[in-house]
Amino acid sequence: MKLFFISDIHGSLHYLRKALEKFKQEKADYIVILGDHLYHGARNPLPIEYNPGEVAKLLNKFADRIIAVRGNCDSEVDEMVIEFPMMSTYSTVLYNGRRLFLTHGHIYHEDNLPKLKEGDAIIYGHTHIPKLEKKGNIFIINPGSITFPKENNPNTYGILEGNSFKIKDLDGSLCKEIELV
């Protein structure tokens, strides 16, 4: 199984289209969205092609292939236009004998870990900074942001296939990689 990770769309139709193009090229099975789907939030400028309604319509075309969690910019009213569950603080996916704890990162993150066992991974967004590291026996993963990257990082997404997690820019170039072993 191949999982495609994005975070922090913030209502940008421009960057969502680019990310979904990569999803198709990667031939992934599911899209995992780590929050902040539609709105840009008060701390961010308006993103390129800011259009939350069209972002919702485009995401809904992939509703049967989306696993999503709520970000700090997401609200219950979003459920009126989104056709997939996205209001949970976290989700858990079992993958190759390990638990992937999926969350946005505004509650659970590397400094406030949930109870995880050796070899499990927390995968979150929120910081807009890509990260792949092992802290003790837990993997800490952040695919970065497709819309508002920070600290001079490119716009990025993540790919999990087998035991390899890769972070790539929206051109498809490899930025970082870690083996989950």
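Residues numbered from 1 in each chain as written. Predicted model: local features only at pLDDT ≥ 70, side-chain atom pairs only at ≥ 80, totals over all residues. Heavy atoms only, no water.

## So, helix 1 (residues 13-26)
Alright, step 1. With 14 residues, helix 1 extends 20 Å from end C-alpha to end C-alpha; this agrees with the ideal 20 Å at 1.5 Å per step.
Alright, step 2. Every buried residue of helix 1 is accounted for by Leu-13, Tyr-15, Leu-16, Ala-19, Leu-20, Lys-22, Phe-23 and Glu-26.
Alright, step 3. Considering only its buried residues, helix 1 is in contact with strand 1 (2-6), strand 2 (30-33), helix 2 (52-60), strand 9 (156-161) and strand 10 (164-169).
Alright, step 4. Following helix 1 by one or two positions, Lys-27 adopts a phi angle in the positive range, close to 55 degrees. (Helix = DSSP H or I, 4+ residues; strand = E, 2+ residues; numbered from the N terminus. Expected span 1.5 Å × (residues − 1). Buried < 20%, exposed > 50% of the residue type's maximum accessible area, 1.4 Å probe, protein only. Contact = heavy atoms within 4.5 Å.)

## What to know about the nonpolar core
Alright, step 1. Phe-4, Ile-6, Ile-31, Ile-33 and Phe-84 are the most contacted members of the largest nonpolar core, which totals 28 residues.
Alright, step 2. Residues contacting Phe-4, with those up to four places away along its chain left out, are Ala-19, Lys-22, Phe-23, Glu-26, Ala-28, Tyr-30, Ile-31, Val-32, Tyr-157, Gly-158 and Ile-159.
Alright, step 3. Counting 19 residues, the second-largest nonpolar core is a separate cluster that includes Val-69, Val-93, Ala-121 and Phe-165. (Core = buried A, V, L, I, M, F, W, Y, C linked by side-chain atoms within 4.5 Å.)

## Focus on the pairing of strand 7 (residues 131-135)
Alright, step 1. Sheet topology note: the strand 7/strand 8 (residues 138-142) ladder contains 5 bridges and is antiparallel. For Glu-133, the partnering residue across the bridge sits in strand 8 and is Ile-140.
Alright, step 2. Here strand 7 hands over to strand 8 after 2 residues, with Gly-136 in that stretch at a positive phi of 65 degrees. (Pairing = 2+ DSSP bridges.)

## Considering the UniProt feature "domain: Calcineurin-like phosphoesterase" (unreviewed entry) in the protein chain
Alright, step 1. Taking the numbering used here, the UniProt-annotated feature "domain: Calcineurin-like phosphoesterase" (unreviewed entry) corresponds to residues 1-161.
Alright, step 2. Note that residues 1-161 is 14% helix and 27% strand, and that its end C-alpha atoms are spaced 6 Å apart. (UniProt positions renumbered as here; feature names shortened; annotations may be inferred.)

## Some remarks on a nonpolar patch on the surface
Alright, step 1. Among the surface-exposed residues, Tyr-39, Val-77, Met-80 and Val-81 lie close enough to one another that they form a single nonpolar patch of about 400 Å² accessible area.
Alright, step 2. Summarising the element assignment, Tyr-39 is placed in the loop between strand 2 and helix 2.
Alright, step 3. Residue Tyr-39 is classed as partly exposed on the basis of its relative accessible area of 32%. (Patch = residues over 30% accessible without salt bridge, like charges linked within 9 Å, V, L, I, M, F, W, Y side chains within 5 Å. Areas by Shrake-Rupley, 256 points an atom, 1.4 Å probe, with all protein chains shown as cover. Salt bridge = Lys/Arg side-chain N within 4 Å of Asp/Glu carboxyl O.)

## Topic: the pairing of strand 10
Alright, step 1. Most of strand 10 is tucked away: 5 of the 6 residues are buried.
Alright, step 2. Note that strand 9 and strand 10 share 6 bridges and pair antiparallel. What sits directly across from Gly-158, in strand 10, is Ile-167.
Alright, step 3. The turn joining strand 9 and strand 10, which pair antiparallel and follow one another in sequence, is formed by 2 residues; a positive phi near 60 degrees is taken by Gly-162.

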